[in-house]
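Reading the structure
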Amino acid sequence: MNRLTNKHIILGVSGSISAYKAPDIVRRLQDLGAQVKVILTEGGAKFITELSLQSISKNKVHRNLWDEDAKLGMGHIELAKWADAILIAPASANTVANITLGKADDLLSNVILANDTPLLIAPAMNLKMYQSHALQDNLSTLVSRRIIIIKPESGKQACGDIGIGRLAEPSSIAKQVASQFISTKLTGKKVLITLGATIEAIDPVRFISNHSSGKMGMALVNTCLEMGASVTCIYGNITTTLNAKSNNISIISAQQMYTKVMDSITGQDIFIACAAVSDFSVKNSNNQKIKKDGQNLTLELIPNKDILADVCKLKEKPICMGFAAETQNILKNAQKKLKNKGCDVIILNDVSKADFGFNMDENEVVFLSRNLNKKIAKNSKQKVAKKILEIFIKECL
Ligand SMILES: Cc1cc2nc3c(=O)[nH]c(=O)nc-3n(C[C@H](O)[C@H](O)[C@H](O)COP(=O)(O)O)c2cc1C
């Protein structure tokens, strides 16, 4: 199973003789489905070339804190935001000491300070260096900060000594990274998620729809699956890829989505209404293509049934999360939606912004419940989905 699919891993390579194994680590992470970006320290670059790591990772290798090509010149923040986990392998004694002290004098140490994802460290060094009080004290401090230490192995070392300090096997390192993403937070839960845009026919060739891509909904599907849920995904028009592990049901119109949701809702623990459902459909849409005749054409629109509101009215209703895409009075409108529909959570999406939201890869939202109003900062939709679900689990389950 590719347990790192869609995951972004930063591999920090520091100045140990075993840095020659870094390309193999990149490969093993990729074999599990990860995308990998490498940060090479000055010490690391003495042992392995940037070109090797760039060729294998298929990404630019990052070495410089002072990166003028980065957005606003802040490459360290961009990299930290991109990562789902950071692995340092090999981690030199010097890098371990820098992290323990919280130093910020090169790119890797800055990214680590700005990071809020799992950090794994695989030390590799001569056995006396590994056994030194200083190194062991530093590792204990890092463990107390919930940093994961991937223990080195025993054996013949580059210097000729025999003992502990050899870098753990690349395949074992990759597996330990993957294990960070195994979660049982939603094991045993059934989740129904709607996503994408509905299409309301005007005639056989024309329709009314919207800009929804389904990317935010798919990020929620993927995250729920990773957390152990069994997921049903009812999707309209999307520009993203479905996950084969969910039960996927295709619909076109809002009416079809309504029917499929109501058919599938019994027994669901959680309902996430992320689809951009048309509020109106065309009354008496034409069976034949409407011909132009130089006259004005008036379409009569009739309101569609409100899927979320009707699910919330069910006697045995699941816990419900809705999305509110707003362009004005955004907080007030979302609070109204939360109250009027009787749902448990509203995720407020300000779709008036050009750089995130509809059809973009990034999003910035507000998590609204009766007791909570929490902004989730702009990040990839995958990361925003994870944050939404973590708060949701804490607040609602
Ligand atoms: C030939 C050679 C091999 C080295 N191997 C290691 C090693 O395996 N582990 C280690 O912690 N340091 C090793 N060092 C020392 C580090 O390279 C040195 O502490 C360096 O400053 C680390 O920089 P960095 O942590 O910024 O990458 C070695 C040094 C030399 C000259």
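For the structure itself, look to the data block above.
Report on the accompanying structure.

Let us now look at the packing of aromatic side chains. Within a pair of aromatic rings, the relevant descriptors are the distance that separates the centres and the angle that separates the planes. On inspection of all chains with the given rule, the structure shows zero aromatic pairs. Positioned above the aromatic ring of tryptophan 82, the side-chain terminus of lysine 37 is 4.4 Å from the ring centre.

Another aspect to go through is a nonpolar patch on the surface. Judged by side-chain polarity, Phe280, Leu297, Leu299 and Leu301 come together as a nonpolar surface patch covering roughly 360 Å² of accessible area. Residue position: leucine 299 is located in the loop between strand S14 (280-282) and strand S15 (301-303).

The next thing to look at is the site of the ligand. Around the ligand sit 15 residues in total, of which Gly15, Thr41, Ser92, Ala93 and Thr95 are the nearest. At 2.6 Å from an oxygen atom of the ligand is found a side-chain nitrogen or oxygen belonging to threonine 41. Here an oxygen atom of the ligand sits 2.5 Å away from a polar atom, N or O, in the side chain of serine 92. Burial of the ligand by the surrounding chains reaches 61%, relative to a free accessible area of 640 Å². At three residues, helix H4 (residues 93-101) tops the list of elements feeding residues into the shell around the ligand.

To continue, consider the packing of helix H1 (residues 22-31) against helix H8 (residues 170-179). Helix-helix packing: each pair is described by the crossing angle between the helix axes and the interaxial distance. At a minimum axis separation of 9 Å, H1 and H8 run at an interaxial angle of 45°. Classified by the interaxial angle, the pair formed by H1 and H8 is oblique. As for how H1 packs across H8, the hand of that crossing is right-handed. In this structure, H1 uses Asp24, Ile25, Arg28 and Leu29 to contact H8, whose residues at the interface are Pro170, Ser171, Ile173, Ala174 and Val177. Grouping the constituent residues of the contact of H1 with H8 by class yields six nonpolar, one polar and two charged.

Right, let's get into helix H12 (residues 330-341). With 12 residues, H12 extends 16 Å between its outermost C-alpha atoms, agreeing within 8% with the 16 Å of an ideal straight helix rising 1.5 Å per residue. Taken as a whole, H12 has its buried residues at Ala334, Leu338 and Lys341. Taken down its axis, H12 places every buried residue within 95° of arc, on the same side. Across H12 from its buried face, at more than 90 degrees, point the exposed residues Lys332, Lys336, Lys339 and Asn340.

The rules we used
- Residues numbered from 1 in each chain as written.
- Predicted model: local features only at pLDDT ≥ 70, side-chain atom pairs only at ≥ 80, totals over all residues.
- Heavy atoms only, no water.
- Phe/Tyr/Trp six-rings, centres within 6.5 Å; stacked < 30°, edge-to-face > 60°.
- Lys NZ or Arg CZ within 6 Å of the ring centre and 35° of its normal.
- Patch = residues over 30% accessible without salt bridge, like charges linked within 9 Å, V, L, I, M, F, W, Y side chains within 5 Å.
- Areas by Shrake-Rupley, 256 points an atom, 1.4 Å probe, with all protein chains shown as cover.
- Salt bridge = Lys/Arg side-chain N within 4 Å of Asp/Glu carboxyl O.
- Helix = DSSP H or I, 4+ residues; strand = E, 2+ residues; numbered from the N terminus.
- Near = heavy atom within 4 Å.
- Polar contact = N/O pair within 3.5 Å; in protein donor to acceptor, adjacent residues only side chain to side chain.
- Axes fitted to C-alpha atoms, helices over the stretch in contact; angles between N-to-C directions.
- Parallel < 35°, antiparallel > 145°, perpendicular 65-115°, else oblique.
- Left-handed = near helix turned anticlockwise from the far one by under 90°.
- Contact = heavy atoms within 4.5 Å.
- Nonpolar A, V, L, I, M, F, W, Y, C, P; charged D, E, K, R; others polar.
- Expected span 1.5 Å × (residues − 1).
- Buried < 20%, exposed > 50% of the residue type's maximum accessible area, 1.4 Å probe, protein only.
- Arc of directions from axis to C-beta.

Note that all results are geometric; they support no functional claim without further evidence.
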